[in-house]
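One letter stands for each residue in the lines below.
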Amino acid sequence: MSGAIVSAHPFTTRHIGPTPADVEAMLDVIGYDSVDALVDATVPEAIRQRTPLELRGHDGADAEHEVLAALREVADRNQPLTSLIGQGYHGTVTPPVILRNVLEDPAWYTAYTPYQPEISQGRLEALLNYQTMVADLTGLPLANASLLDEGTAAAEAMTMTRRAVRDAPDVFLVDADVHPQTLAVLRTRAEPLGIEVDVVDPWRLVAGGAAGGGLPAAFGVLVQYPGSSGEVRDLQPVIEGIHAVGGMAVVAADLLALTLLAAPGDLGADIAVGSSQRFGVPLWYGGPHAGYLATSEDHKRTLPGRLVGVSVDRHGRTAYRLALQTREQHIRRERATSNICTAQVLLANAAGFYAAYHGPDGLTAIAQRVRRLTAGLFDSLVAGDLTVVTAEFFDTLTVAVEGRADEVLAAARAEGLALRRTDDDHVGISLDETSTVDTVAAVCRALGVEPVDGVGEHAPELAGHMRRTSAFLTHPTFHVHRSETAMMRYLRRLADADLALDRTMIPLGSCTMKLNAAAEMESISWPAFTDVHPFAPDDTTAGSRQLISDLERWLVDITGYDAVSLQPNSGAQGELAGLLAIRGYHAGRGDSGRTVCLIPSSAHGTNAASAVMAGMQVVVVACDEDGNVDLDDLAEKAAAHAEDLAAAMITYPSTHGVFETGVRDLCAIVHDHGGQVYLDGANLNALVGLAQPGRFGADVSHLNLHKTFCIPHGGGGPGVGPVACRAHLAPYLPGAGRTGPVSAAPHGSAGILGIPWAYIRLMGAEGLTEATRTAILSANYLATRLAEAYPVLYTGAAGTVAHECIVDVRPLTKSTGVTGEDIAKRLIDHGFHAPTMSFPVAGTLMVEPTESEPKAELDRFVDAMLAIREEIAAIERGEVAYEDSVLAAAPFTAADVLVGEWDRPYSREQAGLPAGPSQAAAKYWPPVSRIDNAYGDKNLVCACPPIEDYA
């Protein structure tokens, strides 16, 4: 900020861990005189960006107070109205105990996906609560641990249904009263898969009976419940109708309404989908919001996304873990049923806690109050001689206004309200938890009628067959946390069970876990951002749209591409959007036969899954013995598919943690054979300020804002995966007109864009570049210090690594039986989250330190790894058998070490305090011992177990 007071402690020194003295010491270990020399040796000159990075409209790094002041000015440009637009997004009250102790608590928002279950029992229990909540409310026994939003959940249900129903035409029926954004996402996802989306009125077709023929042959039908118009219809005739033609019934259901309305599962539905946003999660201009999908036990092995299951640890104690097909895209790749990687865990947890805090009685009371207010509005409108189109309602009414829609919206605007414009002749009004009698009165004034007496005091009974009769949320967890004291302590107990960045380094390769600074996070709870509906009038959202335009511009500057869309709400969605842009580009040139996608064998599993979802055929390209893409194999396969080559997908730096020198040659080969180059931007944090993919040959990339640009992982989401491309692909970005949306909200997870906006302002161009340089320095420091004990599998031309390194434990496994999993579990006893296990190479560990960790923490990790190597050496020397070793038994709970007789060949101290007595003061004790994964899959339980199991 020009003319600003220079901070005594620039933010870059807060974000970047190593001090200048640390840097000198680290360089001495690696064997380089300077970071410049290390970077010159590591980053190929062929791609090197030699001019300093420039960010248009931002001339340097700002201090934290300056950035927050600037962000306040941006927020002030938003003028949120009281939103009664509905359409799947509703006002809600986030209980302060959840806002402060979950959404604003780094113990929750800096946690990683719970792939290491022993150190994730808190967030796994929270997700099990969420699954139980969804399963109970929908009346279906199996629910996943969240999806990205309602639109993508519906799309996942569509493809899941198609897989389940094999002998039916590729037709999916969609209720004409479905939310329009859901329909748009369905069409985007259906087209490359050859699915015909047929919009119908299923009730009219069913009512036609023999005369109308009933429902046409289709593999499934999606109905909205209540409808987007507000109409509540009896689901049973449509469910029976689709079953009669051999298809499956998918119901997009409002969870709050399900406290009053008959559950879809009770009526025979096969799948229920929707959003849990109105359970205490802010509007946030469209996201992040946790979608849900629930189904029957019959489909448990094809359920998309993550599934939390109940198992036992080695002592038989109840323990939670991710079950079945979790990360299945890494195993099945192009045969995967979904490309989901990031979900919306933090928001699912918030929704689950909301349900636990209110309980079934509280949720029902909220729903009844909303319906009573809606009934009062209905009576007032009818008394004022207006025609209300909605006959049976929960919270939404559609009103006929005969050509006056714009006039009514303007009158509502004068009252501070935003209504939904359905068409020239109709407006929609959706009430919610935040609505009051005064809200109803304001709506009445906008429509020129008087409110009747007794608004909000009564509502007509629902028809008996539509009324909920089954119990829900009966588990004690939804009954014992009603006071704030109880909830606060429950949240603290769960957080204490876990390891997150607020306690320790998380050295995960491929999934960058670095500082999510408090100043970056501060704006997520500002009402000017939280209270904005995604379809609010543009002139009321100038601040949010400025965040979007600023970020788009800066990401263009950073990547060297020409255009960016921020709509994709995960990295996997960004991958799909980029591939759809390539597909659209080829089709626009009359080249729709180009459907082959070349993907290296080392690629992230979502790459192959995304390619299949984009209607492409995957052809795998080999890697050479150094882990690089085999350019000869690539050239051979590109030539063989010259007529039908659509794209090649690569990750750069590679998934092996190396800057491959032939990347420009790779791009040229693909282009020479008519294809486009998709560069997976997962590792952009090794490029910022040093190289620009849009300038060295790539055509399109997704970027993980939840990695490189500091949006926190939140235990497995939220994520933002914008897609950046060169100019010729720009017309095919989501929202650009020629390709449909990939997420339900126009701007995806816009509510958290203040985080990367603040990060870029705080760091400035020079700071961003320094972060990249330090990430490379730290990775090479770890690789050098670990190499003697654990060989580094792949290095670049100069013998250095990029921002991460793969250490090979396979020789140790062969000689001693000790596996990467044993090392991962033993690291827990040292107080560390494990590195990435067995990806991209089975039997290895991939380590990424990031730029944020100080040298002292890097050294602590190395010391732990070396101590573990000495324990392995004891097995090598024959001093202890593997089965009797401390490694085979790790991790150790406090009870394991303190209670009962001790008959092991190592001491209690070695088991519990492997770093020595000084570790005791800050010791993390896992709540469970090593978990039996096989038991959990053989005895699948994915809802809260009976209370007796906790005894």
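Quick look at the structure, then. All figures in this text were calculated on a predicted structure; none of them were measured in a lab.

1. A short note on the overall build of the protein
What the protein contains, in helices and strands, is 32 helices and 25 strands. Rg of the C-alpha trace for the protein: 28 Å, near the compact-globule value of 30 Å for 951 residues, within the 12% margin. Overall, the protein is about 85 × 70 × 65 Å in size when its C-alpha atoms are taken along their principal axes. For the protein, with 951 residues in total, the buried portion stands at 64%. Contacts in the protein between residues at least 24 apart in sequence constitute 77% of all its contacts with a sequence separation of at least 6. Of the roughly 31700 Å² that the protein leaves accessible, carbon and sulfur atoms contribute 49%. Counting 69 positive and 117 negative side-chain charges, the protein places the centres of these two groups 2 Å from one another.

2. A word on the pattern of salt bridges
The tally for this structure, following the rule as stated, stands at 44 salt bridges. With a shortest N-O distance of 3.0 Å, Glu857 and Arg860 are connected by a salt bridge. Of the two residues, Glu857 and Arg860 are both situated in helix H28 (residues 855–876); the distance of three residues between them amounts to about one turn of the helix. Glu857 sits in the buried class, given a relative accessible area of 14%. With a relative accessible area of 32%, Arg860 lands in the partly exposed category. Residue Glu870 pairs with Arg877 through a salt bridge whose shortest N-O separation is 2.9 Å. Glu870 gets classed as partly exposed once you look at its relative accessible area, which sits at 44%.

3. Things to note about the environment of Ile119
Position of Ile119 relative to the elements: it lies in the loop between helix H6 (106–109) and helix H7 (121–138). Sequence-wise, Ile119 and Ala497 are 378 residues apart; in three dimensions their C-alpha atoms are separated by 6.7 Å. Setting aside residues up to four positions removed in sequence, Ile119 forms contacts with Ala497, Asp498, Leu499, Ile828, His833 and Tyr924.

4. Describing the sheet that holds strand S12 (residues 396–400)
Taking strand neighbours across the sheet as the criterion, the four strands line up as S11-S12-S15-S14 in an open arrangement whose pairing is antiparallel. Both edges of this open sheet fall to strand S11 (387–388) and strand S14 (420–423), since each of them pairs with a single strand only. Each of S14 and strand S15 (426–430) is contacted by helix H15 (residues 405–414), which is oriented at about 175° to S14, the strand it contacts most.

5. So, the side chain of Thr364
If you trace the backbone, Thr364 turns up in helix H14 (residues 345–383). Classification of Thr364 as buried rests on a relative accessible area of 17%. With near-sequence residues (within four places) excluded, Thr364 lies in contact with Thr259, Leu260 and Phe472.

6. As for the packing of helix H27 (residues 820–829) against H28
Closest axis-to-axis distance for the H27/H28 pair is 10 Å, and the angle between their directions is 125°. It follows that H27 is oblique to H28 by the angle criterion. In this structure, the crossing between H27 and H28 has a hand that is right-handed. Residue-level contacts link Ile823, Arg826 and Leu827 of H27 to Phe861, Ala864, Met865, Ile868, Glu871 and Ile872 of H28. Here the contact of H27 with H28 is composed, by residue class, of seven nonpolar, no polar and two charged.

7. So, the pairing of strand S5 (residues 220–225)
Counting buried residues along S5, six of its six residues qualify, which places the element largely inside the surrounding structure. Judged by which residues are buried, S5 turns out to be covered on both faces: Gly220, Leu222 and Gln224 on one side and Val221, Val223 and Tyr225 on the other are all buried. Relative to strand S6 (residues 248–253), S5 runs parallel, the two being bridged by six bridges. Following the sheet pairing, Gly220 is matched in S6 by Met248. This β-α-β element, S5 to helix H12 (residues 236–244) to S6, shows right-handed connectivity.

8. What about helix H2 (residues 20–30)?
For H2, the full list of buried residues reads Asp22, Val23, Met26, Leu27 and Ile30. The arc enclosing the buried residues of H2, seen along the axis, measures out at 135°, which places them on a common side. Projecting away from the buried face of H2 at angles above 90 degrees are the exposed residues Ala21 and Asp28.

9. Concerning the sheet that holds strand S24 (residues 836–837)
The strand order across the open sheet built from three strands is S23-S25-S24, with neighbouring strands paired in antiparallel fashion. Each end of this open sheet is capped by a strand with a single partner; those strands are strand S23 (805–808) and S24. In this sheet, strand S25 (residues 844–847) lies alongside S24 in antiparallel orientation, the contact comprising two bridges. Considered in S25, the bridge of Met837 is made with Leu845.

10. Brief notes about the packing of aromatic side chains
Inspection of every chain in the model, using the stated rule, returns 15 aromatic pairs. With a centroid separation of 6.3 Å and an interplanar angle of 10°, the aromatic rings of Trp526 and Phe529 are classed as stacked. The residues Trp526 and Phe529 share a single accessibility class, namely buried. Members of the aromatic cluster, each reached through a chain of ring pairs, are Trp108, Phe353 and Tyr490. Above the plane of the ring of Phe393 lies Arg371, whose end atom (NZ or CZ) is 5.3 Å from the centre. Above the face of the Trp902 ring, Arg904 is positioned so that its terminal group lies 4.7 Å from the ring centre.

11. Brief notes about the packing of helix H3 (residues 35–42) against helix H25 (residues 754–787)
It is at 10 Å that the axes of H3 and H25 come closest, and there the two elements cross at 85°. When the interaxial angle is binned, H3 and H25 end up roughly perpendicular. For the pair formed by H3 and H25, the contact residues are Val35, Asp36, Leu38, Val39 and Thr42 on the first element and Arg773, Ile776, Leu777 and Asn780 on the second.

12. Digging into unusual backbone geometry
A cis amide bond, omega 25°, links Gly717 with the succeeding residue Pro718. When you line up the elements, Pro718 lands in the loop between strand S21 (700–702) and strand S22 (723–725). Pro891 follows Ala890 through a cis peptide bond whose omega is 0°. Position of Pro891 relative to the elements: it lies in the loop between helix H29 (886–889) and helix H30 (894–898). At Glu402, a residue that is not glycine, the phi angle is positive and equals roughly 50°. Tracing the backbone through its elements, the reader meets Glu402 in the loop between S12 and H15. Overall, the relative accessible area of 73% leaves Glu402 in the exposed class. In the Ramachandran plot, Ser838 falls in the positive-phi region, its phi being about 60° despite a non-glycine side chain. By the secondary structure assignment, Ser838 is in the loop between S24 and S25.

13. What to know about the pairing of strand S17 (residues 596–600)
Most of S17 sits out of view: five of its five residues are buried. The side-chain alternation of S17 yields two buried faces, one formed by Val596, Leu598 and Pro600 and the other by Cys597 and Ile599. One ladder, built from five bridges, connects S17 with strand S18 (residues 617–621); its direction is parallel. In the sheet register, Ile599 faces S18, and the bridge partner there is Val620. In this region the chain leaves S17, passes through helix H22 (residues 605–613) and returns to the parallel neighbour S18; the handedness of that crossover is right-handed. Where S17 lies against strand S19 (residues 645–651), three bridges are found, and the strand directions are parallel.

Parameters at a glance
Residues numbered from 1 in each chain as written. Predicted model: local features only at pLDDT ≥ 70, side-chain atom pairs only at ≥ 80, totals over all residues. Heavy atoms only, no water. Helix = DSSP H or I, 4+ residues; strand = E, 2+ residues; numbered from the N terminus. Rg over C-alpha atoms; globule rule 2.2 N^0.38 Å. Buried < 20%, exposed > 50% of the residue type's maximum accessible area, 1.4 Å probe, protein only. Contact = heavy atoms within 4.5 Å. Areas by Shrake-Rupley, 256 points an atom, 1.4 Å probe, with all protein chains shown as cover. Lys, Arg positive; Asp, Glu negative; His and termini not counted. Charge placed at Lys NZ, Arg CZ, Asp CG, Glu CD. Salt bridge = Lys/Arg side-chain N within 4 Å of Asp/Glu carboxyl O. Pairing = 2+ DSSP bridges. Axes fitted to C-alpha atoms, helices over the stretch in contact; angles between N-to-C directions. Parallel < 35°, antiparallel > 145°, perpendicular 65-115°, else oblique. Left-handed = near helix turned anticlockwise from the far one by under 90°. Nonpolar A, V, L, I, M, F, W, Y, C, P; charged D, E, K, R; others polar. Right-handed = clockwise from strand over helix to strand, strands pointing away. Arc of directions from axis to C-beta. Phe/Tyr/Trp six-rings, centres within 6.5 Å; stacked < 30°, edge-to-face > 60°. Lys NZ or Arg CZ within 6 Å of the ring centre and 35° of its normal.

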